[in-house]
Amino acid sequence: MLPLVEPLFSVKVKCVYCEIEFNTSRVRPSFKKTTKTDTDFGIHYKDVNPEYYVVRVCPFCGLATTENFVESITRAQRSAFEDKVKVNWSMKDYSGERSWDEAMQCYKLALVCAQIKGEKDRIIAGILHHIAWLYREKENAEQEIRFLRFALNAYIEVYETEGVSLNNAKLMFLIGELHRRLGEFNEAVKWFARVVNDKRIMDAAMIKASRDQWATTREDMIAAKMEMPEDGIIEKK
């Protein structure tokens, strides 16, 4: 009989603050079974949610990071971390299986650490969006909307600082979709139209998604008895 394979496996990570190695868990690829994907890319999983294990928390000092964080810390950042996190930290090990509450604690700690370390807006936006997805999982609409707003503001900051040069269709679509989910339909259709009408964008999947969500938003606006903005018109192909 083959040995039973556990969904989690352990990896070693070295903390950039205290330079101590610690264990953190990841989900084996074979256990990442999706059930559906939301229009803002939130993924629903069967049995085990790998998103619970994205954040790595040092049990000794409390520094929480992801694989996308810069693997260094300045003297000023160390001082800020000590004042805001380490001074209140009690040894806690998140290396095993995590509950929803523990996953949320890890993400919120990672958000604080990302802000302290001055991580890129794209990283902070992703953390905020993940927190919104966690609240969606619990059907906590009020907190989900709150963090979708934070994520939207951060994504707009990303677009304004780097999105124009990157011509990032997915980022533009996401900004439109978060506007739609927040009931800001005029802004939503403007962003969807940008993706479809910009001749430089060659991302067929995002163009189709933008067309689909433009149509969905139009239905939302009709239901809300709102008028479509003139600059939200999508050109006919």
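Relevant structure appears above.
To start, this report covers the structure provided alongside it. Everything numeric here is computed off the predicted structure, so don't read it as measured data.

### Describing the overall build of the protein
- From N to C terminus, the protein includes 7 helices and 6 strands.
- Counting helices and strands in the order they occur from the N terminus, the protein gives β-β-β-β-β-β-α-α-α-α-α-α-α.
- Across the protein, every contact between residues at least 6 apart in sequence was considered, and the portion connecting residues at least 24 apart equals 61%.
- If the 36 positive side-chain charges of the protein are averaged to one point and the 36 negative ones to another, these points end up 2 Å apart.

### Things to note about the environment of Ile-175
- One can find Ile-175 in helix 5 (residues 169-181).
- Dropping the residues within four chain positions of it, Ile-175 is found in contact with Leu-152, Tyr-155, Ile-156, Tyr-159 and Trp-191.

### Observations regarding the packing of aromatic side chains
- Tallied over the entire structure, the rule returns 8 aromatic pairs.
- Plain terms: the ring middles of Trp-100 and Tyr-135 are 5.9 Å apart, the flat faces sit at 65° to each other, and that makes the pair edge-to-face. Placement of the pair is Trp-100 in helix 2 (residues 100-117) and Tyr-135 in helix 3 (residues 121-137), with a sequence separation of 35 residues. Like Tyr-135, Trp-100 is buried.
- Ring plane angle 85° and centroid distance 5.3 Å describe the contact between Phe-147 and Phe-150, whose orientation is recorded as edge-to-face.

### Considering the pattern of salt bridges
- Following the criterion strictly, the structure yields 13 salt bridges and no others.
- Ionic pairing is found between Arg-136 and Asp-40, a salt bridge with its closest N-O pair at 2.7 Å. Of this pair, Arg-136 sits in helix 3 while Asp-40 sits in the loop between strand 3 (33-37) and strand 4 (43-46), and the two are 96 residues apart along the sequence. The same class applies to Arg-136 as to Asp-40, namely buried.
- One connected set of salt bridges, linked through shared partners, spans Asp-38, Asp-40, Arg-136, Glu-144, Glu-177, Arg-180, Arg-181 and Asp-220.

### Concerning the pairing of strand 1 (residues 8-14)
- Bridge count between strand 1 and strand 2 (residues 21-27): 7 bridges; the pairing is antiparallel. Paired with Lys-14 across the two strands is Glu-21, which belongs to strand 2.
- Hairpin connection, strand 1 to strand 2: the antiparallel pair is bridged by 6 residues, and Glu-19 has positive phi, about 60°.

### A few points about the nonpolar core
- Phe-81, Ile-127, Ile-131, Tyr-155 and Ile-175 are the most contacted members of the largest nonpolar core, which totals 69 residues.
- Elements supplying a minimum of two residues to this core: strand 2, helix 2, helix 3, helix 4 (141-166), helix 5, helix 6 (185-197) and helix 7 (204-223).
- Top contributing element to this core by residue count: helix 2, with 11 residues.
- Setting aside residues no more than four positions away along its own chain, Ile-131 makes contact with Met-104, Tyr-107, Lys-108, Leu-111 and Phe-147.

### Some thoughts on the state of the cysteines
- One pass over the full model with this rule turns up 0 disulfides.
- Of the cysteine sulfurs around Cys-58, a residue in no disulfide, the closest is that of Cys-18, at 3.6 Å.
- Exposure remark for Cys-58: the relative accessible area of 0% places this residue in the buried category.
- Cys-61 forms no disulfide, and the closest cysteine sulfur to it belongs to Cys-15, at a distance of 3.6 Å.
- Judged by relative accessible area, which is 1%, Cys-61 ranks as buried.

### Brief notes about the packing of helix 2 against helix 3
- Contact pair helix 2 / helix 3: the axes reach a minimum separation of 10 Å and the direction vectors enclose 160°. The angle between helix 2 and helix 3 falls in the class roughly antiparallel. Here the hand of the crossing between helix 2 and helix 3 comes out left-handed. In this structure, helix 2 contributes Trp-100, Ala-103, Met-104, Tyr-107, Lys-108, Ala-110, Leu-111, Ala-114 and Gln-115 to the contact, and helix 3 contributes Ile-124, Ile-127, Leu-128, His-130, Ile-131, Leu-134, Tyr-135 and Glu-137.
- Here the contact of helix 2 with helix 3 is built from residues that sort into 13 nonpolar, 2 polar and 2 charged.

What counts and how
- Residue positions are given per chain, counted from 1 along the sequence in the order it is written.
- For a predicted model such as this one, the threshold for reporting local features is a pLDDT of at least 70, and the threshold for listing and counting side-chain atom pairs is 80 or more; totals across whole chains, interfaces and linings nevertheless cover every residue.
- Side-chain calculation: all heavy atoms of the structure are included, whereas hydrogens and water are not.
- Put simply, DSSP H or I for four residues or longer makes a helix, DSSP E for two residues or longer makes a strand, and each gets a number counted from the N terminus.
- Contacts: residue pairs with any heavy atoms within 4.5 Å of one another.
- We score Asp and Glu as negative and Lys and Arg as positive, and we do not count His or the chain ends.
- Think of each charge as sitting on NZ of Lys, CZ of Arg, CG of Asp or CD of Glu.
- Think of it this way: a Phe, Tyr or Trp ring, Trp meaning its six-membered ring, pairs with another when their centres are within 6.5 Å, and the plane angle makes it stacked under 30 degrees, edge-to-face over 60, tilted otherwise.
- Exposure categories follow from relative accessible area, calculated using a 1.4 Å probe and restricted to protein chains: below 20% of the type maximum is buried, above 50% is exposed, and the middle band is partly exposed.
- Salt bridges are identified by distance alone: a Lys or Arg side-chain nitrogen within 4 Å of an Asp or Glu carboxyl oxygen.
- By the convention used here, strands pair only if DSSP detects at least 2 bridges between them.
- In plain words, nonpolar cores are sets of buried Ala, Val, Leu, Ile, Met, Phe, Trp, Tyr and Cys residues tied together by side-chain atoms within 4.5 Å.
- Throughout, a disulfide means two cysteine sulfur atoms within 2.5 Å of one another.
- What counts as an axis is a line fitted to C-alpha atoms, over the stretch in contact for a helix, and the angles between N-to-C directions run from 0 to 180 degrees.
- To sort the angles, those under 35 degrees are grouped as roughly parallel, those over 145 as roughly antiparallel, those from 65 to 115 as roughly perpendicular, and the leftovers as oblique.
- Here is the rule for handedness: rotate from the far helix to the near one, and if that takes an anticlockwise turn smaller than a right angle the crossing is left-handed, while a clockwise turn gives right-handed.
- Only Asp, Glu, Lys and Arg are considered charged in this grouping, and only Ala, Val, Leu, Ile, Met, Phe, Trp, Tyr, Cys and Pro are considered nonpolar; every other residue, Gly among them, is considered polar.

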